[in-house]
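Chain by chain, the residues run as shown.
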Amino acid sequence: MTATYTERPAVRARAPRTPGRVSGGLLDPKQLWQSTPDAFRKLDPRTLWRNPVMFICEVGAVFTTVLTIANSSVFGWLITIWLWLTVLFANLAEAVAEGRGKAQADTLRRAKTDTMARRISGWQIGQPVTANLVSGAESVPAPQLRQGDFVVIEAGQLIPADGDVVDGVASVDESAITGESAPVIRESGGDRSAVTGGTRVLSDRIVVHVTQKPGESFIDRMIALVEGAARQKTPNEIALNILLASLTIIFLLAVATLQPLAIFSKANQPGVPNSPALDMHGVTGVVLVSLLVCLIPTTIGALLSAIGIAGMDRLVQRNVLAMSGRAVEAAGDVNTLLLDKTGTITLGNRQASEFIPVGGAAANEVADAAQLSSIADETPEGRSVVVLAKTAYGLRERDEGELPGAEFVPFSAQTRMSGVDLADGRQVRKGAATAVTAWVRDGGGAVPEDVGSTVDGISASGGTPLVVAERVHDVPRVLGVIHLKDVVKEGMRERFDEMRRMGIRTVMITGDNPLTARAIADEAGVDDFLAEATPEDKMSLIKKEQQGNKLVAMTGDGTNDAPALAQADVGVAMNTGTSAAKEAGNMVDLDSDPTKLIEIVEIGKQLLITRGALTTFSIANDVAKYFAIIPAMFAGVYSGLDKLNIMRLHSPESAILSAVIFNALIIVALIPLALRGVRYRPSSAANMLRRNLYIYGVGGLILPFAGIKIIDLIIQFIPGIR
Amino acid sequence: MSSSVAVFLFLVLLVVALVLTYRPFGDYMARVFTSARHLRAERVIYRIGGVDPDSEQPWPRYLRSVLAFSLISVLFLYGFLRLQHKLFLSLGFPGMSPSLSFNTASSFVTNTNWQAYSGESAAGYLVQMAGLAVQNFVSAAVGIAVAIALVRGFARRRTDKLGNFWVDLTRTVFRILLPIAVVFAIVFVAAGMVQNFHDFHTVTTLTGGKQAIPGGPVASQEVIKELGTNGGGFFNANSAHPFENPTNWTNFLEIYLILAIGFSLPRTFGRMVGDKRQGLLIVGVMSLLMAVSFGLIITAQLTHHGTVPTAAGGSTEGTETRFGVPQSAVFAAATTLTSTGAVDSFHDSYTSFGGMITIVNMGLGEIAPGGTGSGLYGILILAVLSVFVAGLMIGRTPEYLGKKLGGREIKFASLYILTTPACVLIGTGIAMALPGERASMLNSGPHGLSEVLYAFMSAGNNNGSAFAGLSVNTTWWNTALALAMLIARFLPMVFVLGLAGSLAKQEPVPESVGTLPTYRPQFAGMLTGVALIVVALTYLPALALGPLAEGLH
């Protein structure tokens, strides 16, 4: 028996999607406040040393604190406070990024309740599940389940562990992990057999073969991922960290070796009075640290880990779980996208395009029956039949209320038909050709010869045939065939054009014959297609691309996709897929939406662009800071150096303080950008570089001049600052 | 002909000469390093050295060969200098002191040619010819070999082999440096440079005074001094000496020789990686930096507001009247933008801004066009860093010429750009902190500081020119500068070869419209910006207390 349930986890909100632009969650000011305690906790040098730039900052802050306590001044205290704030702001950026993940992790934890599992023993796959077996099931706490156990789950119960359905069909509420409230069907065999622990069976009874190890369930992994506990630095992040560390060392050397030069210069001009910046012992410690902190790349150093965490988070917001940051980066580098036709390029649901009468039936009759059978059919296919009946045959839309006493027969996986039994005894059915013709034959009716040829013709052209039949006065007969056609999704052509401009080749994978495949490929505007694709074909295509050192991304759901998913550089498994597929891929899409692959690529790129843009910005900032601090330090000794004070800052003290304050505030100002990612528009590399160089390079040169000047205009009124 | 027209013609001719050299010479060098054929003379060398010229080396072995060869060179030259009085053609000069020998040996082996001695009063002809001039050839060749190894790293795929150092070294000497040196030595002799083994002649001048006129194998050494961007003068006055630089047109030829290899190697690079546009971009950035640098020096020299410069129409102090201010400025820019360090005027006498530009030129890491080989690998390292940042900005794992730049590659490139500033800054800082060493300054105040900064900048970038005004023949200065030269020469080579090794292993990523186009002007702008901001800005605080303090009133 199951233990008591907690309330159903809140459905997570999904970020609205604008095509062509990867949006991210906005920064809520409340988050800043909530993360402040964490920011203080991160001051611990044992954790901070991992970030060399900010660690140097903290050491500097400690140093100025000591100096200022020994030799107190307003200037010294203000610098000290702002140096500490610089470190805190960096910690805050990271804490805010992590905080978002923690909120999601809490939601997930609520799904991880202590479920009792009902384990059955002495049963083998294929044997009937008898009532005896079910009642004799042994009750064990879910954490004690082992790989290979069989558990039985009935309607209303939580699934205790990840596994594959090996017996039965059930509808399952997976909102705990996907946020999607509509139930999904899980059945034994086939590609929709995987179930996730923590989700709830809504109907029927299934037997699940446990595939997870204790404590390594999908939800456990999700929690670890969104919390950032499993976060490892990605290859690019490591490389960037190395570059930043070496820049930090260079500036550390530049500042440290300045001291003997300053002492010499001061001694050379004995008449010059001591100033807060420079005395006979050289540049004062507070000013030296200020120069250092302003020069080392604090902006990117402060935001680097937040950018990485936020990048993973943006994926999670889109219900994609990346098993590693490496995969996210690889997504940005992808050269070839393998896209399944159905669901990605075309609407997963085909639409009615034509009613073809057979066996001498009138076209109107077919339309009428097709419409009747689809009244209660809320699927897009069903709706499209009603729409076609109205537009092509002028049949007025009817609703269920107009047919008193009518009994609607819903579609089921077993019968593969749906329809309606009217009050006057007339029965109408539509469905798969084999199912409907069997229904007609079983009722004693004859199946006209042209049914077979019509159905085959539609299939051959890439469409899906649905046969419509009716039974009046106990004589069933086939009326006609509905031609359901693939409809290419709106906007796909533009997206593929964008991909091409980004240098990404798109390949459509389909089981259709080459003729149909070509027609759809041309209509959608993909670069290439693979028709009548078997899993082996997919695999060899991936290997061929990879031999040319190209990175390949694909989606898949079936067990037979697993090898290809594992081989691809970015393999996105659908959550509806099998456990094997989910294991093999390096990402799981909880929405099972294959179009996401395109968004994943964009998020991967955006992650790198954000890092690059802020690095450029951070380094470009140094120019203005030099112009603020160098004259402030040395114009007292060599008055000519005041000419470098091109911002005409108020005084040496206000100049240095302004530079330090700007340096700290720019971190806070850029936190939203770091979390959201810089704006990304798919375009050629040259265009993208030009745009980002102008904004973050040239902008990074100019902005601090204005910023420091403005801060200087304000702080010159602080009493104690000359 | 007015002097401004003369200068204009001088520059135009120089540019035309370099442009005409670029293609044929660059292609020729590419052939030298890709050809499978060995010359007979080369085979003899290989047999003597026990080298199999057809076997290639992975990067650690290539590096070991470079270091072993250089170590032996230092030891050999050290012994030579210590013992020169026991050998013939010593002109009676005593052996050099241990610290001076160490300094000079390090200096010539590292292609620096910092001279803490005066050629005409310390080095005999045998030492000059068989010791120093030989190093002028091979130290230049070592630089080129390392640069070629890096180019092979970009050009090759899925291999750990970077070529054979001994073959690269021998071919550079036999097929590139020697033929040019022979031809130009004859030209220089024709122009009036001396080439003999005569001792000093004492002559009576027109006014009746006595003067000692030196002889020596000058022309042969002069060519390689410029061609190999060595810069070590036969005489103390270097290229301002009439025997080293007799006429205006030898001055032109010397500047041309300084720049010829540096400006043509990018073509070799473009050729070997199979994309000539890439070479064109590199040479474009080099030219831009050179043009800006020259423009700034000449402006500083001609527009100084002092009383004397205004009266003379330019800062003529320290320049040869034969060459004049503008030509001297071209020479100064060329010599500090390459690792040459030869001078035909004295940078110490330049206006403070003019002098500052020569310091900044070296501070850039000598990449425009830089020393033989070292200029190319220096700018390629900066290109790697620029590509890294630019590549991130277009949303891909950065790749340069199809090779991905990951942690390992960036580690080598970062360490490379760290080495030279560390040598320069730490050296300057220590020198300024020690009162005894500060006493070596002949000037006080900011100008004295500039002299010390210049000395370490020159040693740390293997330039070898001196601001003068510093008595450096002391044990401390000789040792400190020698260490700076050795560290700043060979540590970067370790990183360059390491980078080359990890690049060569990679299979290149195919190019697409998503690839960063590293042959467009926008990338040239980015590379220039990175060079200026990342490299040159490092020295701004020090410059502020030296030339800037002096120049801004």
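Scroll up to find the structure.
Overview of the structure. Note that the structure is predicted; figures quoted are calculated from it, not measured.

Turning our eyes to something else, we now look at the side chain of K42(A). Residues and elements named next belong to chain A. Positionally, K42 belongs in the loop between α1 (29–41) and α2 (45–48). A distance of 2.7 Å separates polar atoms of two side chains, one belonging to K42 and the other to E94. Contacts of K42, omitting those with residues within four sequence positions, involve T47, L48, N91, E94, A95 and E98.

In this structure the tally under the stated criterion is 40 salt bridges over all chains. Linking D497(A) and R500(A) is a salt bridge whose minimum nitrogen-to-oxygen distance equals 2.9 Å. Residue D497(A) and its partner R500(A) are located together in helix α17 (residues 492–501), separated by 3 residues, close to a single helical turn. A residue is classified by how much of its surface remains accessible, and D497(A), at 26% relative accessible area, is partly exposed. Among the salt bridges present, the one from E507(B) reaches R157(B), with a minimum N-O distance of 3.4 Å.

Turning to the sheet that holds strand β3 (residues 150–154) of chain A, a few remarks are in order. Residues and elements named next belong to chain A. Ordered in space as β2-β1-β3-β9-β4-β7, the 6 strands form an open sheet in which the pairing is antiparallel. If you trace the sheet from one side to the other, it starts and ends with β2 (138–141) and β7 (194–195), each paired once. Where strand β4 (residues 163–167) lies against strand β9 (residues 205–210), 4 bridges are found, and the strand directions are antiparallel. Residue pairing for β9: V165 is matched across the bridge by V208.

All right, on to helix α19 (residues 521–535) of chain B then. For α19(B), spanning 15 residues, the distance from its first C-alpha to its last is 20 Å, which sits close to the expected 21 Å at 1.5 Å a residue. Across the 15 residues of α19(B), 11 count as buried, placing the element largely inside the fold.

Further remarks concern the packing of helix α8 (residues 235–256) of chain A against helix α10 (residues 285–295) of chain A. All names here are of chain A. The interhelical angle for the contact between α8 and α10, taken along N-to-C directions, is 155 degrees, at an axis separation of 9 Å. Accordingly, the angle class assigned to the pair α8 and α10 is roughly antiparallel. Classified by chirality, the crossing of α10 by α8 is right-handed. Counting all contacts with α8, which are made through F251, L252 and V255, the residues of α10 involved are L288, L291, L292 and L295. Looking at side-chain class alone, the contact of α8 with α10 contains 7 nonpolar, no polar and no charged residues.

Counting residues at the interface gives 59 residues for chain B, matched by 57 residues for chain A. Carbon and sulfur atoms supply 74% of the area that chain B and chain A bury against each other, a total of about 5100 Å² over both sides. The three residues of chain B that bury the most area against chain A are L392(B), M393(B) and L545(B), which together make up 14% of that side's buried surface. Counting across the interface, chain B meets chain A through 1 salt bridge. Across the pair D333(A) and K404(B) runs a salt bridge whose closest N-O atoms are separated by 3.9 Å. Where chain B meets chain A, there are 8 residue pairs in polar contact (both at pLDDT 80 or more).

Rules used in this analysis
Residues numbered from 1 in each chain as written. Chains lettered and ligands numbered in written order. Predicted model: local features only at pLDDT ≥ 70, side-chain atom pairs only at ≥ 80, totals over all residues. Heavy atoms only, no water. Helix = DSSP H or I, 4+ residues; strand = E, 2+ residues; numbered from the N terminus. Polar contact = N/O pair within 3.5 Å; in protein donor to acceptor, adjacent residues only side chain to side chain. Contact = heavy atoms within 4.5 Å. Salt bridge = Lys/Arg side-chain N within 4 Å of Asp/Glu carboxyl O. Buried < 20%, exposed > 50% of the residue type's maximum accessible area, 1.4 Å probe, protein only. Pairing = 2+ DSSP bridges. Expected span 1.5 Å × (residues − 1). Axes fitted to C-alpha atoms, helices over the stretch in contact; angles between N-to-C directions. Parallel < 35°, antiparallel > 145°, perpendicular 65-115°, else oblique. Left-handed = near helix turned anticlockwise from the far one by under 90°. Nonpolar A, V, L, I, M, F, W, Y, C, P; charged D, E, K, R; others polar. Buried area = accessible area lost by both parts, 1.4 Å probe.

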